[in-house]
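Chain by chain, the residues:
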Amino acid sequence: MTIIDIIEKKKHHEKLTEPELSFVITGMLDGSIADYQISALLMAIVLNGMDLEETIALTKVMLNSGDKIDLSPISGIIVDKHSTGGVGDKVTLVLGPLLAALGVKVAKMSGRGLGHTGGTIDKLESIPGYQVALREDEFIKQVNDIGIAVISQTGNIAPADKKLYALRDVTGTVDSIPLIASSIMSKKLASGADIIFIDVKVGKGALMKDLESAEALAQTMIEIGKRFDKTVICLLTNMNEPLGCAVGNALEVKESMDALKGYGPVDLMELVIEIAALVLNKTEKMDMEEARALCLKKINNGEAYQKFEQLVNSQHGDLKGLTVSDHIISVTTPKAGYIKSIDALRIGEIARELGAGRFKKTDAIDYAVGLVLTHKVGDYVEVNDELLKVYFNEKNVSLNEILSCFEISMDDSTKEPLIYKILS
Ligand code: URA
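Here the structure is a predicted model, which is why all the values come from computation and not from measurement. (Residues numbered from 1 in each chain as written. Predicted model: local features only at pLDDT ≥ 70, side-chain atom pairs only at ≥ 80, totals over all residues. Heavy atoms only, no water.)

**Re the sheet that holds strand 11 (residues 386-392)**
Sheet strands pair by backbone hydrogen bonding; their relative direction is either parallel or antiparallel. We count it as follows: Paired strands are those between which DSSP finds at least two bridges. Runs of H or I in DSSP of at least four residues are treated as helices and runs of E of at least two as strands, each being numbered from the N terminus.
As summarised here, the arrangement of the four strands in space is 6-9-11-7, forming an open sheet in which the pairing is antiparallel. Lying at the two open borders of the sheet, with one neighbouring strand each, are strand 6 (246-247) and strand 7 (327-332). Pairing of strand 9 (residues 370-373) with strand 11, which is carried by four bridges, proceeds in the antiparallel orientation. Pairing of Val372 across the sheet is with Lys389, part of strand 11.

What follows is the structure, given as structure tokens:
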């Protein structure tokens, strides 16, 4: 067996076997297969797909490429939450502390930005000193002590995914259902949670552009979960406009802190509370109305924010050092009307161009830059009203590029739902 035969096979739409996928992953990790060969295979998979059996085999091989975390020293049902990636998606930063305040154990391993989408770990690293790497015993101790830890995928959890993820980010091979499903599920299965909630983002700013493909991705992950005896619950949620207002690392942390204090943007608050209520509903059989009310109580009485501070302190972060750029431009509208759409994909790309994301694996992130929307879809604006603020440092983007993200018209637009569907 050679890597060239395997690339040829996928190029000709043939099915790959588990031994072949194992050969690829082993070779990638021991360096006997070059990154450019892996990239060629990834592109063939993006173009020609994989069926469910191949996707399950790839997940298994990736899962077995590293360690599996044993969370049995943590008592109670352990919940994990993952997002397929969106623009302004800071749900983990708000939901994690809220769940911990509700008494749910959150043992969370998160990822870095991928393509135009941001990643929780990059966001947390905008807090000076925040340690994203903890040893397994430290991770478990922290969850037992304060109910929450958020770390990066540790050294040896699904190392195959770590390598593939970084390559996919810079080779235009992110958007593939089998690659996304196996990437997410290998990590989630290795991370040891009992119930896995996956927020499948749908729309312009998401990896899945339409409901049909989002549903196909969700079903694939649910099927993989079944094969490995895990409950997977998928929420299909709207990513046609950025979630919340802030896009960019430190800016998103600040917005998450506001949300934890009860004054976050409406869509972010709604999504966080719905997911938290669903977690209580599934784990404690709590009625959804009662669960929503309890979530609001934990936010309004300050416990959710205190959990966030406890999390940051435990992982050595210093919130006083959180900085956003003081080079700020206000972008105003040349036209009055209702905001019909805000192109989340372009907004994500602009944030990346400002330095909030990477174009090459080795790019350093500028945590202080990004954009903050002043208005969301459905709002009415007068001529010269502010649409957003741009926080920049060395790199800037053109005004026209920013204005082209907004569609403004005199029709009174109807807002789309935030949560389309819940599948399990
Ligand atoms: N999130 C992941 O963890 N992997 C992907 O491939 C896409 C989103």
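**Some details on the environment of Ser182**
Selection criterion: Working definition: with a 1.4 Å probe on protein chains only, accessible area under 20% of the residue-type maximum means buried, over 50% means exposed, and in between means partly exposed. Contacts are assigned to residue pairs that have any heavy atoms within 4.5 Å of one another. For the purposes of these results, a polar contact is taken to be a pair of N or O atoms within 3.5 Å, where, inside protein, one atom must be able to donate a hydrogen and its partner to accept one; residues adjacent in sequence count only when each atom of the pair is a side-chain atom.
With respect to the helices, strands and loops of the structure, Ser182 is situated in helix 9 (residues 177-190). Overall, Ser182 belongs to the buried group, its relative accessible area being 1%. When the C-alpha positions of Ser182 and Ser110 are compared, they lie 15 Å apart, and in sequence the two are 72 residues distant. Aside from chain neighbours lying at most four places away, what touches Ser182 is Thr55, Leu58, Thr59 and Met62. A distance of 2.7 Å separates a polar atom in the side chain of Ser182 from the backbone oxygen of Pro178. Separated by 3.3 Å, the side chain of Ser182 and the backbone oxygen of Leu179 make a polar contact.

**Some words on the sheet that holds strand 13 (residues 419-423)**
Operational definition: The convention used is that axes are lines fitted to C-alpha atoms, helices contributing only their stretch in contact, and that angles between N-to-C directions extend from 0 to 180 degrees.
The sheet built from six strands is open, its strands ordered 3-2-1-4-5-13 with mixed pairing. Only two strands of the sheet have a single partner each, and these edge strands are strand 3 (148-152) and strand 13. Direction aside, neighbouring strands of the sheet carry axes that sit 20° apart on average. Strand direction decides the pairing type here: strand 2 (residues 105-110) and strand 3, joined by five bridges, are parallel. In the strand pairing of strand 3, Met109 is matched with Ile151. Contacting strand 1 (78-83), strand 2 and strand 3, helix 5 (residues 91-101) crosses the sheet at an angle of about 160° to strand 2. Helix-sheet contacts for helix 9 involve strand 1, strand 2, strand 4 (195-202) and strand 5 (231-238), and the interaxial angle to strand 1 is about 160°.

**Overview of the pairing of strand 4**
So the rule is basically this: By convention, a crossover is right-handed whenever its connection, traced from the first strand over the helix to the second and viewed with the strands pointing away, goes clockwise.
With eight of its eight residues buried, strand 4 lies for the most part within the structure. Here strand 4 shows no split at all, with Ile195, Phe197, Asp199 and Lys201 on one side and Ile196, Ile198, Val200 and Val202 on the other all buried. The pairing of strand 1 with strand 4 spans five bridges and is parallel. Opposite Asp80, over in strand 4, you have Ile196 as the bridge partner. Both strand 4 and strand 5 contribute to a ladder of eight bridges, which runs parallel. In the sheet register, Ile195 faces strand 5, and the bridge partner there is Thr231. With helix 10 (residues 211-227) bridging strand 4 and its parallel neighbour strand 5, the resulting β-α-β unit is right-handed.

**Observations concerning the site of the ligand**
Formally: When at least one non-hydrogen atom of a residue lies within 4 Å of a molecule or strand, that residue is treated as near it. Working definition of accessibility: Shrake-Rupley area with a 1.4 Å probe, residue cover restricted to the visible protein chains.
As a structural note, the neighbourhood of the ligand is formed by His82, Thr84, Leu114, Tyr165, Arg168, Ile180, Ser183, Ile184, Lys187 and Leu207. Side-chain polar atom of Lys187 to an oxygen atom of the ligand: 2.5 Å apart, as the coordinates give it. Starting from 230 Å² of accessible surface for the ligand in isolation, the protein chains cover 98%. Those elements that place two or more of their residues in the shell around the ligand are helix 8 (159-169) and helix 9. Broken down by element, the shell around the ligand gets its largest block of residues, four residues, from helix 9.

**As for the domain arrangement of the chain**
Which entries qualify depends on this criterion: Here the limits of each domain have been adopted from an automatic or database domain assignment. Accessible-area loss on putting two parts together, using a 1.4 Å probe and summing over both, is the definition of buried area adopted here. Any Lys or Arg side-chain nitrogen located within 4 Å of an Asp or Glu carboxyl oxygen qualifies as a salt bridge.
Along its sequence, the chain is organised into domain 1 (3-49), domain 2 (78-154 + 189-320) and domain 3 (324-409). With centres defined by C-alpha atoms, the gap from domain 2 to domain 3 works out at 24 Å. Counting residues at the interface gives 26 residues for domain 2 and 24 residues for domain 3. Between domain 2 and domain 3 lies a buried interface of about 1900 Å² when both sides are counted; carbon and sulfur atoms form 61% of it. Summed over the three residues of domain 2 that lose the most area to domain 3, namely Glu241, Cys245 and Leu251, the buried surface amounts to 28% of that side. Inspection of the domain 2/domain 3 interface yields three salt bridges. Where Arg358 meets Asp122, a salt bridge forms, and the shortest distance between an N and an O atom there is 2.9 Å. Along the contact surface separating domain 2 from domain 3 lie 10 residue pairs in polar contact (both at pLDDT 80 or more). Broken down by secondary-structure element, the contributors of at least two residues to the side of domain 2 that touches domain 3 are strand 6 and helix 11 (249-260). It is helix 11 that provides the largest number of residues to the side of domain 2 that touches domain 3, a total of four residues.

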